[in-house]
Amino acid sequence: MSIAKTRFGPQNGRAEDVRDIKTDAATGLIKVAIIEDDESLRQALSFQLRTASFDVVAYSSAEELLEAADAKEFDCVVADIYLPRMNGLQLQEELNRTVPYASIVFITGRGDLSLGMHAMRKGAVDFLEKPVDDQALLNALAIGAHRSRTRRTEQSQRIGLEEVQRSLTSREREVFALITTGLLNKQVAAKLGTTERTVKAHRASVMNKMGAGSLADLVRMSAILRIHSN
């Protein structure tokens, strides 16, 4: 079975993505963890990615990665899905719980359609059959690293905004939630049973405390905070 038949992620990564990742990797920003119990393959993958200017750390088991002090610093994880003890899917579940911004690319010596589909539904970037195609792996890492950096930035922003949001009064939280749905001040006032003037005062306080320069800024913050997710 060819690699092309066992890939479930994007079939073509953008050339610009790969170039960008290599450029960033040269500055030491792109860190990849390889988890492979086959020592010869682990060394080969490590050599391949280091040659492509990635910062690589290799592990022989999922447990070894999870116990590492820098486990949360990787931009992408490349893991054999059939690892001993904790397998790749169990590792993916643990990473989703403890490092939600992490991206994972699976490799396997056994093409398994149902397993690959399950991994992709859980958020895997790609599912590649051994011997791994060099370009397919680079493309997957480009996409995975971009996802991880974006998620990590969003999480950092959310943590900062949540801290500021805690300074809002309960009524200011209500006003924040309502004005970021597109309601006018008078409509918010009607919903809260107060005056438009009072709503304007609360709105100004919310913008000041949240450091928002405009309503658009507040809308963006509400999206990061997932205020309207429910």
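Up top is the structure these notes are about.
Cut-offs used in this document
- Residues numbered from 1 in each chain as written.
- Predicted model: local features only at pLDDT ≥ 70, side-chain atom pairs only at ≥ 80, totals over all residues.
- Heavy atoms only, no water.
- Pairing = 2+ DSSP bridges.
- Helix = DSSP H or I, 4+ residues; strand = E, 2+ residues; numbered from the N terminus.
- Axes fitted to C-alpha atoms, helices over the stretch in contact; angles between N-to-C directions.
- Contact = heavy atoms within 4.5 Å.
- Buried < 20%, exposed > 50% of the residue type's maximum accessible area, 1.4 Å probe, protein only.
- Core = buried A, V, L, I, M, F, W, Y, C linked by side-chain atoms within 4.5 Å.
- Right-handed = clockwise from strand over helix to strand, strands pointing away.
- Salt bridge = Lys/Arg side-chain N within 4 Å of Asp/Glu carboxyl O.

Undergrad: Quick one: what's the story with the sheet that holds strand β4 (residues 103–108), residue by residue and with numbers?
TA: Read across the open sheet, the five strands follow the order β2-β1-β3-β4-β5; overall the sheet is parallel. At either margin of the open sheet sits one strand with a lone partner, and together these are β2 (55–59) and β5 (126–129). Sheet twist, expressed as the average angle between the axes of neighbouring strands with direction ignored, equals 20°. Sheet topology note: the strand β1 (residues 31–35)/β2 ladder contains five bridges and is parallel. Looking at the pairing, I34 lines up with A58 of β2. Taken strand by strand, helix α2 (residues 39–51) contacts β1, β2 and β4, and its axis lies near 170° from that of β2.

Undergrad: With reference to specific residues and values, describe the pairing of strand β3 (residues 76–80).
TA: Among the five residues in β3, five count as buried, and that is most of the element. Burial of the side chains of β3 extends over both faces: C76, V78 and D80 are buried on one face and V77 and A79 on the other. For β1 and β3, the ladder comprises four bridges, and the chain directions are parallel. Counted as the bridge partner of V32 is C76 from β3.

Undergrad: Can you tell me about the nonpolar core, naming the residues and giving the values?
TA: Within the largest apolar cluster, 24 residues are counted, with the highest numbers of intra-cluster contacts made by I35, L65, V77, L91, I104 and F106. Those elements that provide at least two residues to this core are β1, α3 (62–67), β3, α4 (88–98), β4 and α5 (113–121). Counting 22 residues, the second largest nonpolar core, distinct from the first, contains V56, L128, V132 and I143.

Undergrad: Requested: an account of unusual backbone geometry, with residues and values cited.
TA: Between K130 and P131 the backbone carries a cis peptide bond, its omega angle lying at -5°. With respect to the helices and strands, P131 occurs in the loop between β5 and α6 (134–165). With phi around 75°, S53 is a residue other than glycine that occupies positive phi space. Mapped onto the secondary structure, S53 falls in the loop between α2 and β2.

Undergrad: Tell me about the pairing of β1, residues and numbers included.
TA: The buried count for β1 comes to five of five residues, which makes it a mostly enclosed element. Every second residue of β1 is oriented toward a common face, with K31, A33 and I35 on one face and V32 and I34 on the other, all of them buried. Assessed by its sense of winding, the connection that carries the chain from β1 through α2 to β2 is right-handed.

Undergrad: Describe the pattern of salt bridges, naming the residues involved and giving the relevant values.
TA: According to the stated counting rule, one finds nine salt bridges in the structure shown. For K31, the salt bridge is made with E73, and the minimal N-O distance between the two is 3.8 Å. On the criterion of sequence distance, the pair formed by K31 in strand β1 and E73 in the loop between α3 and β3 is long-range, its members being 42 residues apart. In this structure E73 comes out as partly exposed when scored by relative accessible area, which is 49%. Across the salt bridge formed by R97 and E94, the nearest N and O atoms sit 2.6 Å from each other. With R97 and E94 both in helix α4, this residue pair falls three residues apart, about one helical turn. Here R97 falls in the exposed class, since its relative accessible area comes to 61%. By relative accessible area, which is 22% here, E94 ends up partly exposed. Several salt bridges converge on common partners, so that one network encompasses K31, D70 and E73.

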